[in-house]
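Architecture and fold: a report
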Amino acid sequence: MAVAITSFEGISLAWFLGQMIPGIDGPVAYRLLGKDIHAGALLIGAVVTGLVTLVNLFGARAAGRFQEIFTYVKGLAIVAFVAASITLGSPHNLSPVLTPLKAAPAIYGVLWIASTASLWFAGFQVVPQAIEERRAGTSVRTVAHMTVVALLLGVVFYCAVVLASTLAVPWHSIVAAPLPAALAIHAVVRNDLL
């Protein structure tokens, strides 16, 4: 599972940066299965893989500290985006609230979710580890409660990000964008880099 997630993240990072910073992909290095593989995308993947490897070579403490700092920075950026969208966004972007998209049958969405479901559940492998490695004074019941709290916070998080994005940009534009997050951030920040 970790190899699949790492592969997905490596490809996604290069694509994300290509959407955010046009031209960073660089020239075509080769073609694979009818798709152009760009030198810049390969370099981005190799550099990030090297950095992750280097952090892990310093041991679990360094890797944990790096992950903790990265999580705080990402959390602050998301809170700032949600706050800015609520402050600067427009409720008119939300309407009409329930309008079915007629571009594709619903089965496509169901199949997309089914094919990616394993990636969305990737974080749950920590539950058995948390139960096994908990402190002597921590009950299994406490771990179960914390798992439920984490799920509820996840729901609140995703709802806040979707609401903030649609306050920033009309939802019709969001669903048509190749990278909806970049479009929403650009609308709030109004920065040409984004």
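Quick look at the structure, then.

1. Let's talk about the overall build of the chain
- Helix and strand counts for the chain come out as eight helices and two strands.
- Listed N to C, the secondary structure of the chain is α-β-β-α-α-α-α-α-α-α in terms of helices and strands.
- The long-range fraction of contacts in the chain, counting pairs at least 24 apart against all pairs at least 6 apart in sequence, stands at 52%.

2. Here's the deal with the pairing of strand β2 (residues 35–38)
- In terms of strand pairing, strand β1 (residues 28–32) meets β2 through four bridges, oriented antiparallel. By the bridge assignment for β2, valine 28 is matched with histidine 38.
- The turn joining β1 and β2, which pair antiparallel and follow one another in sequence, is formed by two residues; a positive phi near 55 degrees is taken by leucine 33.

3. Observations concerning the nonpolar core
- Within the largest apolar cluster, eight residues are counted, these being Phe81, Val82, Ala164, Ala168, Val169, Ile174, Ala184 and Val188.
- Looking at this core, the elements that each hand over two or more residues are α3 (60–88), α6 (140–168) and α8 (180–189).
- If sequence neighbours within four positions are ignored, alanine 168 has contacts with Ser85, Gly89, Asn93, Ala184, Ala187 and Val188.

4. Remarks on the pattern of salt bridges
- Enumeration over the complete set of coordinates arrives at two salt bridges.
- Taking the shortest distance from any N to any O, the salt bridge between aspartate 36 and arginine 31 comes out at 2.4 Å.
- Note that glutamate 68 is salt-bridged to arginine 65, the shortest N-O span being 3.5 Å. Linking glutamate 68 with arginine 65, this pair stays in helix α3, spanning three residues, or about one helical turn.
- A residue is classified by how much of its surface remains accessible, and glutamate 68, at 34% relative accessible area, is partly exposed.
- We classify arginine 65 as partly exposed; its relative accessible area is 47%.

5. Concerning unusual backbone geometry
- Residue leucine 33 is not a glycine yet carries a positive backbone phi of 55 degrees.
- Examined against the element boundaries, leucine 33 turns out to sit in the loop between β1 and β2.
- On the basis of relative accessibility, which here comes to 82%, the residue leucine 33 falls in the exposed class.

6. Here we look at α8
- All of the buried residues in α8 are Ala182, Ala184 and Val188. Each buried residue of α8 sits inside an arc of 165 degrees when the element is viewed along its axis, so together they form one side.

7. So, the packing of aromatic side chains
- A full pass over the atoms with the stated rule returns two aromatic pairs.
- Measuring from ring centre to ring centre gives 6.3 Å for phenylalanine 66 and phenylalanine 70, while their planes differ by 15 degrees; the resulting arrangement is stacked. Residue phenylalanine 66 and its partner phenylalanine 70 are both found in helix α3; the two are separated by four residues, about one turn of the helix.
- On the accessibility criterion, phenylalanine 66 (47% relative accessible area) is partly exposed.

8. Remarks on the side chain of serine 85
- Within the secondary structure, serine 85 is located in helix α3.
- Beyond its immediate chain neighbours, meaning those up to four positions away, serine 85 contacts Ala164, Leu167, Ala168 and Val188.

Conventions used here
Residues numbered from 1 in each chain as written. Predicted model: local features only at pLDDT ≥ 70, side-chain atom pairs only at ≥ 80, totals over all residues. Heavy atoms only, no water. Helix = DSSP H or I, 4+ residues; strand = E, 2+ residues; numbered from the N terminus. Contact = heavy atoms within 4.5 Å. Pairing = 2+ DSSP bridges. Core = buried A, V, L, I, M, F, W, Y, C linked by side-chain atoms within 4.5 Å. Buried < 20%, exposed > 50% of the residue type's maximum accessible area, 1.4 Å probe, protein only. Salt bridge = Lys/Arg side-chain N within 4 Å of Asp/Glu carboxyl O. Arc of directions from axis to C-beta. Phe/Tyr/Trp six-rings, centres within 6.5 Å; stacked < 30°, edge-to-face > 60°.

Geometric descriptors of this kind do not, in isolation, establish any biological role.
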